[in-house]
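Working through the structure, step by step
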Amino acid sequence: MILRREHRILVQGVTGKQGSFWTRAMIDYGAAAVGGVNPRKAGTVHLGLPVFASAVEAAREAPFDAALMFIPPAMARQAAFDACEAGARLVVCLTEHIPAHDVMEMLAAARANGTRIVGPNTAGLVTPGETFAGILPAFNRRVFRPGGVGVISRSGSLGTLVSLVLTQHGYGQSAVYGVGGDPIVGTTTREALEILDADPRTEAVVICGEIGGSAEEEAAEYAAGMAKPVVAFVAGRTSPPGKKMGHAGAIIAGGKGDYRSKRTALEAAGVAVADVPSDIPGLLSAVTADRRAPPIRR
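Residues numbered from 1 in each chain as written. Predicted model: local features only at pLDDT ≥ 70, side-chain atom pairs only at ≥ 80, totals over all residues. Heavy atoms only, no water.

**Examining helix 1 (residues 17-29)**
A rise of 1.5 Å per residue sets the reference length of helix 1, with its 13 residues, at 18 Å; its end C-alpha atoms lie 19 Å apart and thus fit the reference within 8%. Buried residues of helix 1: G19, S20, W22, T23, A25 and M26, and no others. Looking at the buried residues of helix 1, the elements they touch are strand 1 (8-12), strand 3 (45-46), strand 4 (49-52), strand 5 (66-69) and strand 9 (131-134). Remark: G30 follows helix 1 within two positions and exhibits a positive phi of approximately 115°. (Helix = DSSP H or I, 4+ residues; strand = E, 2+ residues; numbered from the N terminus. Expected span 1.5 Å × (residues − 1). Buried < 20%, exposed > 50% of the residue type's maximum accessible area, 1.4 Å probe, protein only. Contact = heavy atoms within 4.5 Å.)

**Considering the pairing of strand 2 (residues 32-37)**
Walk down a regular strand and you will see the side chains alternate between the two sheet faces. One ladder, built from five bridges, connects strand 1 with strand 2; its direction is parallel. For L10, the partnering residue across the bridge sits in strand 2 and is G35. Between the parallel pair strand 1 and strand 2, the chain is carried across by helix 1, and the sense of this crossover is right-handed. Relative to strand 4, strand 2 runs parallel, the two sharing two bridges. When the sheet's bridge partners are listed, G36 is paired in strand 4 with V51. (Pairing = 2+ DSSP bridges. Right-handed = clockwise from strand over helix to strand, strands pointing away.)

**Remarks on the layout of surface pockets**
Here the largest pocket is characterised by a volume of approximately 370 Å³. Surrounding the largest pocket, 17 residues form its lining, V37, N38, P39, I71 and M75 being those nearest its centre. The element contributing the most residues to the lining of the largest pocket is helix 3 (residues 73-85), with four residues. Looking at the lining of the largest pocket residue by residue, the class counts come to eight nonpolar, seven polar and two charged. Empty space within the second largest pocket amounts to approximately 250 Å³. L94, E96, N121, T122 and I135 are the residues nearest the centre of the second largest pocket, which is lined by 16 residues in total. For the lining of the second largest pocket, a count of residues per class yields six nonpolar, eight polar and two charged. (1 Å grid on protein atoms, 1.4 Å probe; cavity = no way out; pocket = protein on both sides within 12 Å on 5 of 7 lines; lining within 4 Å. Points joined across faces, edges and corners; volume = space filled by probe spheres on them. Nonpolar A, V, L, I, M, F, W, Y, C, P; charged D, E, K, R; others polar.)

**Focus on the pairing of strand 1**
For strand 1, a buried count of four out of five residues is recorded, marking the element as mostly surrounded by other parts of the structure. The pairing of strand 1 with strand 5 spans four bridges and is parallel. When the sheet's bridge partners are listed, L10 is paired in strand 5 with A67.

**Side note on the nonpolar core**
What tends to happen in soluble globular proteins is that the nonpolar side chains get buried as a cluster. Core analysis: the largest hydrophobic core is formed by 68 residues, its most contacted members being I9, L166, I280 and L284. Setting aside residues no more than four positions away along its own chain, I280 makes contact with V162, L166, V206, V231, F233 and A274. If you look at the next biggest cluster of nonpolar residues, it comprises 25 residues, including F64, A67, C93 and I98. (Core = buried A, V, L, I, M, F, W, Y, C linked by side-chain atoms within 4.5 Å.)

**Re the sheet that holds strand 3**
Taken in spatial order, the seven strands of this open sheet run 3-4-2-1-5-6-7, and their pairing is mixed. Of all strands in the sheet, those with a lone pairing partner are strand 3 and strand 7 (116-118), marking the two edges.

**Considering the packing of helix 7 (residues 215-223) against helix 8 (residues 259-268)**
Packing of helix 7 against helix 8 brings their axes to within 8 Å, and their N-to-C directions diverge by 5°. One way to sum up the angle between helix 7 and helix 8 is to call them roughly parallel. From helix 7, A215, E216, E217 and A220 reach across to helix 8, where they touch S261, K262, A265 and L266. In terms of residue class, the contact of helix 7 with helix 8 is built from four nonpolar, one polar and three charged. (Axes fitted to C-alpha atoms, helices over the stretch in contact; angles between N-to-C directions. Parallel < 35°, antiparallel > 145°, perpendicular 65-115°, else oblique.)

**Considering unusual backbone geometry**
Residues apart from glycine generally show negative phi values, whereas peptide bonds are mostly found in trans. Backbone torsion omega between G119 and P120 reads 5°, so that peptide bond is classified as cis. On the secondary structure map, P120 appears in the loop between strand 7 and strand 8 (124-127). Not every positive phi belongs to a glycine, and L47 is a case in point at roughly 55°. Within the element layout of this structure, L47 appears in the loop between strand 3 and strand 4.

Written out as structure tokens, the structure is:
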């Protein structure tokens, strides 16, 4: 699911400091926020939005498509259960440091209810010019602008940097998909790639990967059969083996998940891999020319 202007968003934890700041930014941007959740402030109005005791209650009075979680780790599992039970099509889980067994139960509940979870530990989703959900600065037009390039990133900061580089070179983004940096996530890099491949507004895709896990190798398997151009950058080229670099999922073990294995898999699939993010626009231009494809919409 790509978030669109018409998708209604419920914000769980709307009255907190971060929930308030980013919900106001989302509303100002044009996001269709319809309400919030805080059991202790149910029945009040915050930022012009009704506050409910639960997502299930909200669904009865302010139906929504997506739930955005500004929820502490210890409460994240129950909040996800609540959103899934309420019928959310999408749950964007910003929370990090959720215990792995809680995440597994969240994903099981999502499958049982037909809900897609993005995250945990995601910075969120941006559809430039339309809407966003999360903590990416969609409102900064120097960074995000509408266009034809889909961006997938495990890291929010890296996804923002790559979007900035694209914008500086005249490439806008069709959608920015923050899949999250934890070892277990609800939407993998490969699944996000499939979503963007099916999106008629996306003409090319940039994968922002990093060391650890097998997300990029699995995405490479799918990319090998894509008609749309795919370019990638993998962070962590100089990291020492066995050392975790920031994200919980960014750890190399047993010779797997290292930079070389990811780059090799991507290049074998026909994906052009940038040495540094500033190389990405040039690679996009070159790949398009090599395939004799129409220029990417700017």
